[in-house]
Amino acid sequence: MLIEIIDVSISGLLNGSVYALMAIGLALVYGVTKAFNFAYGSFYNMGGYFAWVLLISLGMKGGYYTVFFTAVPFLFIVGFILEKALVSPLRKRADWEMKVMMLTLGLGLFLDIGYIVVFGPRLKSLPEIVEGTTSIGELVFLNQDIVIFIISITGLLCFAWILNNTRVGMAVQAVAQNPAGAQIVGIPKDFIFAATFAISTVMVGLGGILLCQKNFVIPQASWPIMIKAWVITAFGGMGSIRGSLYAAFIIGMLEAFVGYTLGLIYIDIAILTLLLITLALRPQGLMGKE
Amino acid sequence: MNLKSMVTFLAVTYGLIGIMPLFVGDSVIIMRILTMILIWSIVASCWDVIMGFAGIFSFGQVAFFVIGAYSSAILSVSLNVPPVVAMLMAGMITAMVGVLVGLPCIKLAGPYIALVTFAFHMALKPFFSGPLGKAIGSGGSRGILSVPPIKIFGMAFSSAELVPFFYLALFLTLICSGVIVAILKSYWGTAFLALKDSEDFAVSLGISAFKYKLMVFGITSFITGLFGALYVHYVGILSIRVLSGQVFTTLMIMIVVGGIGQYPGVVLGAVFTVTAEQLLRPLGIYRFVIMGGLVVAVVLLLPDGITGLIRKLFPGRQEKESRSIETHKSSLEGVG
Amino acid sequence: MLNVNNLNAFYGEFHVLKDVALSVEEGQVVVMLGPNGHGKSTLLKAICGLAGKVNGEVIYQGQNIKGMAAQKLVNMGITYIAENRELFPYMSVMDNLKLGAYSKNARAKEKENLEKVFSLFPRLVDRKKQVASTMSGGEARMLAIARGLMSNADFLCIDEPSLGLQPSLRLEVFKTIKEINRQGKTVLLVEQNIPQITELADKIYVLEEGQISFEGDKDEALSNDHLKEIFLGL
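Residues numbered from 1 in each chain as written. Chains lettered and ligands numbered in written order. Predicted model: local features only at pLDDT ≥ 70, side-chain atom pairs only at ≥ 80, totals over all residues.

Counting its regular elements, chain C contains 11 helices and 10 strands. For 234 residues, the compact-globule formula gives about 17 Å, and the C-alpha radius of gyration of chain C, at 17 Å, lands near that figure. Along the first, second and third principal axes, the C-alpha atoms of chain C reach 45 × 40 × 30 Å. For chain C, the proportion of its 234 residues judged to be buried stands at 46%. Long-range contacts, defined here as pairs at least 24 residues apart, represent 69% of the contacts in chain C between residues at least 6 apart. (Helix = DSSP H or I, 4+ residues; strand = E, 2+ residues; numbered from the N terminus. Rg over C-alpha atoms; globule rule 2.2 N^0.38 Å. Buried ≥ 20, exposed ≤ 12 C-beta atoms within 10 Å, placed from the backbone. Contact = placed C-beta atoms within 7 Å.)

Structure (structure tokens):
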């Protein structure tokens, strides 16, 4: 019994680490640019398909090393261009928040169906990052899971380090806290907007590569992923990075335990219930500022 | 738009659609398109009232439509309720659900409303296809296959008889359009405009944002549910496929193309979108690449949709418009 | 150092600045007086590239800078110090100051300027780690000015530095501005109606309903009865 509880907790932690990577990207982009990105899940799949093209279609050498080293700049550039071309022009309009939601929703559909057009409707399977298992006492881990956990946590630490120790990171925080103040001290606001959008694209895309190699590349996965990332950020407090971190692990755990005790189909209902209760009690989310 | 031009616009548009069957009544495809234009134009109009006028970022419109459809289908199939009664009950059930969803939502900030309503939409799929849905007669993932036609005085209305059904739909469309115009042009509509402009200002006039928003949620949900029911008795089958992202986006294109908050522009949006969707149908699922791209393009290039484009081409109308909003505001200050 | 000619600004339909002209010489403190909502802030923001679209001419050291992006102007040595402070509320004093030196030219002199700022505002030294949002009004004002100085600017546009401060603190702020000026910075300052301000000014302008209604030095201002009564409160 104890072993099972530990097992379930560990899978909760695992889920949580990847969710954190994806949800924090979203919290960042919302906190800084106030843009509500409905195409977020489609960038998850972009990561998956990118890895598939590189590894299977082109048969590139170097395996996942090549994938990660090329995916980061690729996703960054895609995110940067999309922000500049699509979101930035809307920002001058009065009702731009609603317009951004609609535009990104359209973009999401465009990409999702676009993937089907290009890659076909069937699931794509990626090679595993590593094979085999490791056992510690009675506990057995998939090596793959260990790698996912390590990469997610490393990604998060890198992100935290960039945010707190580099000039660009400080500038991002400055724009989130006070855009007018940021402009006054000479921070190029529009560049920071595009850069954060790009960083969030990288984070969700990496999450996509990690989870797609474990499961499959599924063209329909975009929406549930988008919803999950949004639920986590809303639960944690929209725009609060620390809140999203806690929320990701709470939801990861909740998923693991609900899935284990009640069954998989109750996961979504449990998450939605948790979100509604939280928002009813704390409309600004777990750690959001009023 | 002032009351007179709004009514004229609706009368001309629906009038033109209404006489179409005299010429094309034999064409099954065109009759289907026309019927779907009527149904979607009302569903999209309700969404426009919520988003464009009441300023609520609700993404639950398709969900309400589907709840109306399932309610009526389950009532008439499992409980043998006569379809006309089932439709009205479906409207009421949807209104109740709308108010229940609205209650926690309306006080939230914009993106949260979008999220909660959209999550609600997403939760319907596992609900209707899961054991809970099966227990109330949703038919699981297979859906409901034999929804009975609407019967009024012994006459059956369904997709088997396209022209009569079309006129039934037109009748309901006109009534509901009347209700929508009444909402927009009544004291309520004025209140919405004020709320959208400045919630603080409106509240200072004694307008309760919460009460009005909840009311608009209730009424539009009723109409949306009613049309969901109309739809299900028309097509005769129902499954969770209506909840797909494609239906959602198609509906969104209607208000984006028509112009958000530019009622009755959304009716033109519906005409355009339903027709385009039919014409692109040979492309199969690929047409949604075009539809998605269309949303992006229209949002970027036409801020107020077709309505905005028409206004740009005929700038004289714009002045009238802004003046009518001004008089609205001043009449409101008088009330306050 | 700075010449503004025919500057016009609009806020929607509303004509905020009408053909405004002014000039500031190097090393001066120029004070712009005027009632609230008559365009003073807009003028400063227009000079600093923060006001959006404006018409006219803004010449800074021989170069027309109208329409340039704020980050460029900061790098050229023009800094805006906001009336509502515009600090980064959840960051420490130190981080706020460091971000003040964000522009390229400022970065090179960050250390030097930090020392200068701390000698000018010794109180900030003890509060390095305090979060900006927990500071009192007076301290926050000091921090805003200090952050402006960190940009290594030669030309400071200070928007109502006395706003919301009690009289004793106001005097302190003015004294500091005088000291900053003595150290070689040129200052264009906007105020509503403060008696002590004449002490500070080399030149005084009055901006009413978007137009310059008075221009002159300290003595001329003091001999103008209308001005004395309304804006200087003497």
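After that view, the rundown keeps rolling.
Attention now moves to the overall build of chain B. Regarding its fold elements, chain B presents 15 helices and two strands. Relative to its full complement of 336 residues, chain B shows a buried share of 51%. Of the contacts made within chain B by residues no fewer than 6 positions apart, 76% connect residues no fewer than 24 positions apart.

Attention now moves to the sheet that holds strand β10 (residues 211–216) of chain C. Residue and element names in this part refer to chain C. Taken together, six strands build an open sheet; the order of strands is β6-β7-β8-β3-β9-β10 and the sheet is mixed. The open sheet has two edge strands, β6 (78–81) and β10, and neither has a second partner. Within this sheet the neighbouring strands show an average axis-to-axis angle of 15 degrees, counted without direction. Pairing geometry for strand β9 (residues 203–208) and β10, over five bridges, is antiparallel. What sits directly across from Ile-204, in β10, is Gly-216. Along the sheet, helix α1 (residues 40–47) makes contact with β3 (29–33), β6, β7 (155–159), β8 (186–191) and β9, crossing β7 at roughly 155 degrees. In the packing of helix α8 (residues 167–182) onto the sheet, contacts are made with β3, β7 and β8, and the angle to β8 comes to roughly 155 degrees. (Pairing = 2+ DSSP bridges. Axes fitted to C-alpha atoms, helices over the stretch in contact; angles between N-to-C directions.)

Turning our attention to the interface of chain A and chain B. Opposite the 34 residues of chain A that make contact, chain B presents 33 residues. Counting only elements with at least two residues in the side of chain A that touches chain B, the list comes to α4 (96–119), α9 (222–236) and α11 (266–281) of chain A. The greatest single-element share of the side of chain A that touches chain B, amounting to 15 residues, is contributed by α4 of chain A. Along the lines of polarity and charge, the residues of the side of chain A that touches chain B split into 28 nonpolar, two polar and four charged. (Nonpolar A, V, L, I, M, F, W, Y, C, P; charged D, E, K, R; others polar.)

All names here are of chain C. Pairing within the open sheet is antiparallel, and its four strands lie in the order β2-β1-β4-β5. Looking at strand neighbours, the two that pair on one side only are β2 (14–24) and β5 (63–64), the edges of this open sheet. The strands touched by α1 within the sheet are β1 (2–11), β2 and β4 (54–60), with β2 carrying the most contacts at an inclination of about 65 degrees.

Time to look at the interface of chain C and chain A. Counting residues at the interface gives 20 residues for chain C, matched by 14 residues for chain A. If you list the elements that add at least two residues to the side of chain C that touches chain A, you get α2 (70–76) and α3 (93–100) of chain C. For the side of chain C that touches chain A, the element with the highest residue contribution is α2 of chain C, accounting for four residues. A per-class count over the side of chain C that touches chain A returns 12 nonpolar, five polar and three charged.

Moving on, we get to the pairing of β6 of chain C. All names here are of chain C. Side chains Ile-78 and Tyr-80 project from β6 onto one buried face, and the interleaved Thr-79 and Ile-81 project onto a second face that is buried too. As defined by bridge partners, β6 adjoins β7 across four bridges and the pair is classed as parallel. Opposite Ile-78, over in β7, you have Phe-155 as the bridge partner.

With that settled, consider the pairing of β2 of chain C. All names here are of chain C. Alignment of β1 against β2, held across seven bridges, turns out to be antiparallel. Bridge pairing links Asn-3 to Ser-23 in β2. In this antiparallel pair of consecutive strands, β1 and β2, the connection spans two residues, and Gly-12 shows a positive phi of 65 degrees.

With 283 residues, the main nonpolar core has Ala-23 of chain A together with Val-295 of chain B as its most contacted residues. Per-element accounting of this core gives the leading share, 16 residues, to helix α2 (residues 28–53) of chain B. Contact partners of Ala-23 of chain A, with chain neighbours within four places excluded, come to Ala-229, Ile-232, Thr-233, Ser-244, Ala-247 and Ala-248 of chain A. (Core = buried A, V, L, I, M, F, W, Y, C linked by C-beta atoms within 7 Å.)

The next subject is the packing of helix α10 (residues 241–261) of chain A against α11 of chain A. Residue and element names in this part refer to chain A. Look at α10 against α11: their axes get within 9 Å of each other, and the N-to-C directions meet at 140 degrees. Here α11 runs oblique to α10, going by the angle between their axes. Handedness of the α10/α11 crossing: right-handed. Where α10 abuts α11, its residues Ile-251, Leu-254, Glu-255, Val-258 and Gly-259 lie against Tyr-266, Ile-267, Ala-270, Ile-271 and Leu-274. A breakdown of the residues in the contact of α10 with α11 according to their chemical character gives eight nonpolar, one polar and one charged. (Parallel < 35°, antiparallel > 145°, perpendicular 65-115°, else oblique. Left-handed = near helix turned anticlockwise from the far one by under 90°.)

The subject of this paragraph is the packing of α2 of chain B against helix α11 (residues 245–258) of chain B. All names here are of chain B. Taken N-terminus to C-terminus, the directions of α2 and α11 make an angle of 65 degrees; their axes are 9 Å apart at the nearest point. Classified by the angle their axes make, α2 and α11 are roughly perpendicular. When the axes of α2 and α11 are compared, the crossing they make is right-handed. From α2, Trp-40, Val-43, Ala-44, Trp-47, Asp-48 and Met-51 reach across to α11, where they touch Leu-251, Met-254 and Ile-255.

Among the structural elements, Val-185 of chain A can be located in the loop between α7 (179–184) and α8 (189–214). C-alpha of Val-185 of chain A to C-alpha of Ala-174 of chain A: the two residues are 11 residues apart in sequence and 9.7 Å apart in space.

Mean pLDDT over chain B works out to 84, with 90% of the residues at or above the 70 mark. Across residues 317–336 of chain B the pLDDT falls below 50, and counting only partners more than four positions away or on other chains, this stretch makes 15 contacts in the model. (pLDDT = per-residue confidence, 0-100.)

Caution is warranted with low-pLDDT regions, since their predicted coordinates should not be read in detail. Residue and element names in this part refer to chain C. Summary statistics for chain C give a mean pLDDT of 88 and a share of 98% for residues scoring 70 or more. Element-level mean pLDDT values for chain C span from 72 in helix α11 (residues 225–232) up to 94 in α3. Per the prediction output, this complex has pTM 0.85; the corresponding ipTM is 0.88.

Here the focus is helix α3 (residues 63–87) of chain A. Every α-helix winds through 3.6 residues per turn, so residues three or four apart in the chain are directed the same way. Look at α3 of chain A: 34 Å from first C-alpha to last across 25 residues, which is about the 36 Å you get at 1.5 Å a residue. Along its length, α3 of chain A reaches its greatest deviation from straightness, about 30 degrees, at Ala-71 of chain A, and the proline Pro-73 of chain A lies no more than four positions downstream. For α3 of chain A, every residue scored as buried is listed here: Tyr-64, Val-67, Ala-71, Leu-75, Gly-79, Leu-82, Glu-83, Leu-86 and Val-87 of chain A. Looking at the packing, one finds that the buried side of α3 of chain A touches α2 (40–57), α4 and α8 of chain A together with α13 (287–301) of chain B. (Expected span 1.5 Å × (residues − 1). Bend = angle between axes of the 7 residues up to and from the residue.)

Time to look at unusual backbone geometry. Omega for the bond connecting Tyr-263 of chain B with Pro-264 of chain B falls within 30 degrees of zero, at 5 degrees, which places this linkage in the cis form. On the secondary structure map, Pro-264 of chain B appears in the loop between α11 and α12 (265–279). The backbone of Asn-152 of chain C shows a phi angle near 65 degrees, a positive value even though the residue is not glycine. Take Asn-152 of chain C: it is sitting in the loop between α7 (137–150) and β7. On the neighbour-count criterion, Asn-152 of chain C (22 C-beta atoms within 10 Å) is buried. One non-glycine residue, Glu-160 of chain C, adopts positive backbone phi at about 40 degrees. Residue position: Glu-160 of chain C is located in the loop between β7 and α8.

The next thing to look at is the environment of Ile-237 of chain B. Residues and elements named next belong to chain B. As for its placement among the helices and strands, Ile-237 is situated in the loop between α10 (209–235) and α11. Residue classification places Ile-237 among the partly exposed positions, given that 14 C-beta atoms sit within 10 Å. Considered as a pair, Ile-237 and Ala-95 are 142 residues apart in the sequence and their alpha carbons are 23 Å apart. Contacts of Ile-237, omitting those with residues within four sequence positions, involve Gly-143, Ile-144, Leu-145 and Val-147.

Below, the discussion takes up the environment of Ile-56 of chain A. Residue and element names in this part refer to chain A. Structurally, Ile-56 can be placed in helix α2. Ile-56 gets classed as partly exposed once you count the C-beta atoms within 10 Å, which come to 14. C-alpha of Ile-56 to C-alpha of Thr-66: the two residues are 10 residues apart in sequence and 13 Å apart in space.

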